Protein chains: 4
Amino acid sequence: MGPAFKKIALMARGRKKGVEETLSAVAQYLTEAEYEVFIEAETAKIFKDIDLTPLQATELDNRCELLVVIGGDGSIIKAAHLAAPHKLPILGINRGRLGFLTDIHPYEFEQLERVLHGEYVREDRFMLKCELFDDGKLLYSDKVVNEIALSRGLVTHMVDFDVYINHQFMCHYRADGLITATPTGSTAYAMSGGGPILHPRLDAMVMVPMFPHTLTSRPIVIPADSCIEFIIDEKNESGPCISCDGQERVCIKPGGRMKIEKADTVLRLIHPKDYNYYETLRTKLHWESVGAR
Amino acid sequence: MGPAFKKIALMARGRKKGVEETLSAVAQYLTEAEYEVFIEAETAKIFKDIDLTPLQATELDNRCELLVVIGGDGSIIKAAHLAAPHKLPILGINRGRLGFLTDIHPYEFEQLERVLHGEYVREDRFMLKCELFDDGKLLYSDKVVNEIALSRGLVTHMVDFDVYINHQFMCHYRADGLITATPTGSTAYAMSGGGPILHPRLDAMVMVPMFPHTLTSRPIVIPADSCIEFIIDEKNESGPCISCDGQERVCIKPGGRMKIEKADTVLRLIHPKDYNYYETLRTKLHWESVGAR
Amino acid sequence: MGPAFKKIALMARGRKKGVEETLSAVAQYLTEAEYEVFIEAETAKIFKDIDLTPLQATELDNRCELLVVIGGDGSIIKAAHLAAPHKLPILGINRGRLGFLTDIHPYEFEQLERVLHGEYVREDRFMLKCELFDDGKLLYSDKVVNEIALSRGLVTHMVDFDVYINHQFMCHYRADGLITATPTGSTAYAMSGGGPILHPRLDAMVMVPMFPHTLTSRPIVIPADSCIEFIIDEKNESGPCISCDGQERVCIKPGGRMKIEKADTVLRLIHPKDYNYYETLRTKLHWESVGAR
Amino acid sequence: MGPAFKKIALMARGRKKGVEETLSAVAQYLTEAEYEVFIEAETAKIFKDIDLTPLQATELDNRCELLVVIGGDGSIIKAAHLAAPHKLPILGINRGRLGFLTDIHPYEFEQLERVLHGEYVREDRFMLKCELFDDGKLLYSDKVVNEIALSRGLVTHMVDFDVYINHQFMCHYRADGLITATPTGSTAYAMSGGGPILHPRLDAMVMVPMFPHTLTSRPIVIPADSCIEFIIDEKNESGPCISCDGQERVCIKPGGRMKIEKADTVLRLIHPKDYNYYETLRTKLHWESVGAR
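Parameters and conventions
Residues numbered from 1 in each chain as written. Chains lettered and ligands numbered in written order. Predicted model: local features only at pLDDT ≥ 70, side-chain atom pairs only at ≥ 80, totals over all residues. Heavy atoms only, no water. Pairing = 2+ DSSP bridges. Helix = DSSP H or I, 4+ residues; strand = E, 2+ residues; numbered from the N terminus. Salt bridge = Lys/Arg side-chain N within 4 Å of Asp/Glu carboxyl O. Buried < 20%, exposed > 50% of the residue type's maximum accessible area, 1.4 Å probe, protein only. Expected span 1.5 Å × (residues − 1). Contact = heavy atoms within 4.5 Å. Patch = residues over 30% accessible without salt bridge, like charges linked within 9 Å, V, L, I, M, F, W, Y side chains within 5 Å. Areas by Shrake-Rupley, 256 points an atom, 1.4 Å probe, with all protein chains shown as cover. Lys, Arg positive; Asp, Glu negative; His and termini not counted. Charge placed at Lys NZ, Arg CZ, Asp CG, Glu CD. Buried area = accessible area lost by both parts, 1.4 Å probe. Nonpolar A, V, L, I, M, F, W, Y, C, P; charged D, E, K, R; others polar.

Novice: Could you clarify how one ought to interpret the sheet that holds strand 14 (residues 220-223) of chain B in this entry?
Specialist: Backbone hydrogen bonds hold the strands of a sheet together, and the pairing may be parallel or antiparallel. Spatially, seven strands are ordered 12(A)-14(B)-13(B)-11(B)-8(B)-16(B)-17(B) in an open sheet, and the strand pairing comes out mixed. Whereas interior strands pair on both sides, the edge strands pair on one side only; in this sheet they are strand 12 (197-198) of chain A together with strand 17 (248-251) of chain B. By the bridge criterion, five bridges tie strand 8 (residues 147-151) of chain B to strand 11 (residues 177-181) of chain B in an arrangement that is antiparallel. Bridge pairing in strand 11 of chain B places B:Ser151 opposite B:Gly177.

Next comes the structure, spelled out in structure tokens:
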């Protein structure tokens, strides 16, 4: 029986240690094994020595069946933005150290081979959509894999805003900001803020207030089909800013509105058959070794 | 049109301020309004002056359509254990102060009247089942509305135990214990331990480690259809104890096993039509008033 | 026996509810009681209807013995910046709601009278000095009553910096920032970030990391005679910003250095004789009323 | 110049991996180097093959100048109870892994040699004294290096108790318990409960409430010269228990009283000259490696 994935695009970002080497090795391995191998266009610009046919983001969907990403979790997040609209599956090869989203070891080609031949599990991670409105007019829209962070900009004052869930008033916040994270994002930025871990299979999102004025504020987990709206108080001196997956920053004026809902796209991950979420958790959070007592 | 609930049993526990007075007033009001009114048998023993036909727990299901509970959240928990097997709906009348589960004000009989005539929303809160095994033999079983707390007994040492989820090893804990809570229980004991709030509509449970040795341990939210197993290390000097909804304490021997799964019973709550979960949250957690800054 | 304080300057900031009214009432009361009453110059500009001799900041020290501040804790912080260089005592009159630093009720003139006649306790709260250096050159210097917050500016990336204590390397931080607070500041911004309460009598400061990358980071309390230095990594894309008592924001370049030490000034507070720190704590943190369970 | 310490007693507890081996090697090394070497009496009973003159606890003070403890931090705690009354210095040799209190590597005899010849720093860690009273009668008294934990016993209910500091009412607690820790204990049990790190040079203690009912409860750091009193509510069904340095458990009746004050004994630690508290902190808390993001 032939491989499950035959047409493969490679992608990498940044020039961190080991990325180019792994990219070359994977390119060579797959080419020799007679897969049809492409390189994502931006990747081709960064790593000019890799001799593969470049594919523009718009072509990925038609020309290949799998996007293999070399790097860390951050690279997968970037890949998701390209691949998600077409539900193109993503396989992450780490740089020698397990990531939450990259579980193939860079030099275990046998593991890679098995995955390509069908020994994999597919997992769809839902994404969130964030929309900013001013006077009812859509100003900005983005999708995220991890989280949307609303936070005060350069002003030193806390931000005042109201939150509505499914058009029902939830509460008023006075805080440095608030992180809304998916289960995938629950082990990223939201965790530094004291948020809980959400199992990836949960259809839920978590809202983690940042440095809230109200001492009884707590992270709250709500159903993923909720529509969250943030209304920025008119009385704020200047508006807060939004950061999507830690990538960009757009600011909202006092009086503006942000809406968060489940996106219609997903991050479709391909894991080796023996993938074990809890093992990743134990390893990444050093549960086996870190105790002071 | 006649009332939605015609046959009603009253229940109360404890002799806290205002309970007897409210119980009498409700009994009188319902009797005069020509409802068929009973009193739950244990309640009858505590409040001997209330002149109503007592019903044993086993009769509740056949003889009445609604269990009206006067008291706080703790009383609802106790009522759930009687009513849950039959999915008998429960309506909570608080003692003048809103509870998470008791949202009818004691002297607003109009509000009560409207609920009884059908202006209500019904909400099923799932429960958890806890089973203890020793050498594969079932030693103890219970159901909870809020949480199951595994904690060290009188010994000063931490408890060592392994947790498996759906037969997959999750991690080893060295801790004072661990709380497994439903969304209903997320605002009770689990919250004191730093757990997140889980929206009642979530089909999820949260595991909150108590004073864990591993400093990177975090509360984790998992799907409610998970089967959690705790294997108590043989090396513990003495076994930990289990407390179900804060009510009883059963101990497990080193080597013993505890299994937690979703129960087949639910707490069926009746709320007034204008019930608003977030309002309850804001009020109970004093979100409107408590800020140090 | 005559009053302990005879020459008094009044100060207020902002136009919040009740401030002007209280300012007028206190001015009238003290004038009628034949105290020598002044108004701080900036206050005179805001409240033009108060007919008192204005005093510039530089004159406060020579012309008066007590600075009476009407407002909340924020106003006391502002007053401290004027009064601290001269150790001029400060008495805070709140706007009807107890503050951590303002414990005289606005209309209890008897309480005020008793304090002015010597029934008071004096408490010196130490302050911190913050200095920013670039290439060894002092760029900026400020003093704080509450805290110095180092935090990322508009960039979405975390800040990388090293901390040295008494020239000994403490650790590397990768975080959204770090708050260094006095005991006075421990119940302000630092508390929202999970910092402990420090008793005002403690000669200690607390460092609270903000959203640290390292999950085992914890607030740390160190002796107040320590010299803390922050070295901002050259590799940061842009430098973090410093906010002193939440008032201004100055940015440091990558490679820059911030030094924090105890200041040579103090906030000298005058409390009524029956002042009780724990009572303030209980009231401000709502310890008597806020429990979910 | 001769050694700074010539008469040395060896002590170890437990039979953990490596202890006996290290004990033998150290005994042999010191004997050959012509130190006067003893073995603490209890240690002699556990490790019968070590051929040294045993010393009873009461003789340690007269016969030797230094107590060398082989083991982990727990062993130092045990040694402190023997050595503290006489301020006998303690030197900790770990079992190959740095402890907070044991910083000599087991096979680096040169390091040991240098310490014995005077290249050391001495550090006194203060201890706490705990006294239990019933009806004004002293029932129990103990001293601790780390912490005193008051916690509910086998009952499932929280404990209600009042805390007074220097005879001033601090607050009422409804909680699973409360840990009072020294700076030394701040990185032990208290840390698992969310307490801050206290620098060892601080003359302060920290009170960490366990699972408090009041959601705005926070760890609080107070001066070490404070006298803390706990009055157990008469209304508790049964009394809480006290655990001193995790070693024993004594229970207090409802109505009983516990007093905590600084003890008149200290743990006198001997560190190598290059001892660095922050390095120990970084290593023990894995600050260099543990980040999820």
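Novice: Teacher, can you tell me more about the pattern of salt bridges here?
Specialist: Charged atoms that come close allow side chains of opposite charge to pair. All names here are of chain A. Evaluated as defined, the whole model comprises 58 salt bridges over all chains. In this structure, the salt-bridge partner of Asp264 is Lys143, at a minimum N-O distance of 3.0 Å. A residue pair is termed long-range when its members are at least 10 positions apart, and Asp264 in strand 18 (residues 257-272) and Lys143 in strand 7 (residues 137-144) qualify at 121 residues. With a closest N to O distance of 2.7 Å, Lys262 and Asp203 form a salt bridge. On the criterion of sequence distance, the pair formed by Lys262 in strand 18 and Asp203 in the loop between strand 12 and strand 13 (204-210) is long-range, its members being 59 residues apart. For Asp203, a relative accessible area of 40% translates into the label partly exposed. Salt bridges sharing common partners tie together Lys129, Glu131 and Glu261.

Novice: Even after reading the chapter, I still don't get helix 1 (residues 19-32) of chain B, so can you show me in this structure?
Specialist: Because an α-helix packs 3.6 residues into every turn, residues spaced three or four apart end up facing the same way. Residue and element names in this part refer to chain B. If you check helix 1, its first and last C-alpha atoms are 20 Å apart, about what 14 residues at 1.5 Å a residue would give, namely 20 Å. When we look at burial in helix 1, the residues that qualify are Val19, Thr22, Leu23, Ala25, Val26, Ala27 and Leu30. Close packing links the buried residues of helix 1 with strand 1 (7-12), strand 2 (36-40), helix 2 (41-46), strand 4 (66-70), strand 5 (90-93) and helix 5 (109-116). Directly beyond the C-terminal end of helix 1, a positive phi value near 65° is found at Glu34.

Novice: Please clarify how unusual backbone geometry should be interpreted in this entry.
Specialist: Peptide bonds are trans in most cases, and residues, glycine excluded, mostly fall at negative phi. In this model, A:Phe211 sits at a positive phi of 45°, which is unusual for a non-glycine residue. Looking at where A:Phe211 falls in the secondary structure, it is placed in the loop between strand 13 and strand 14 (220-223). According to the relative accessible area criterion, A:Phe211 is buried, its value standing at 5%. The backbone phi angle of B:Glu34 is positive, close to 65°, even though this residue is not glycine. Owing to a relative accessible area of 72%, B:Glu34 belongs among the exposed residues under this scheme.

Novice: Can you help me understand a positive patch on the surface in this one?
Specialist: Judged by side-chain charge, A:Lys16, A:Lys78, A:Arg95, A:Arg97 and C:Lys235 come together as a positively charged surface patch. Tracing the sequence through the fold places A:Lys78 in helix 4 (residues 73-83). Judged by relative accessible area, which is 35%, A:Lys78 ranks as partly exposed.

Novice: Honestly, the interface of chain C and chain D in this entry has me stumped. Any pointers?
Specialist: Interfaces are often sized by the accessible area lost when the parts come together. Residue-level contacts link 44 residues of chain C with 44 residues of chain D. Together, the buried faces of chain C and chain D total about 3800 Å²; carbon and sulfur atoms form 58% of this surface. One can count two salt bridges joining chain C with chain D. For the side of chain C that touches chain D, the elements supplying multiple residues, two or more each, are strand 10 (168-175), strand 12 (197-198), strand 14 (220-223) and helix 7 (277-284) of chain C. Looking at the side of chain C that touches chain D residue by residue, the classes come out as 26 nonpolar, twelve polar and six charged.

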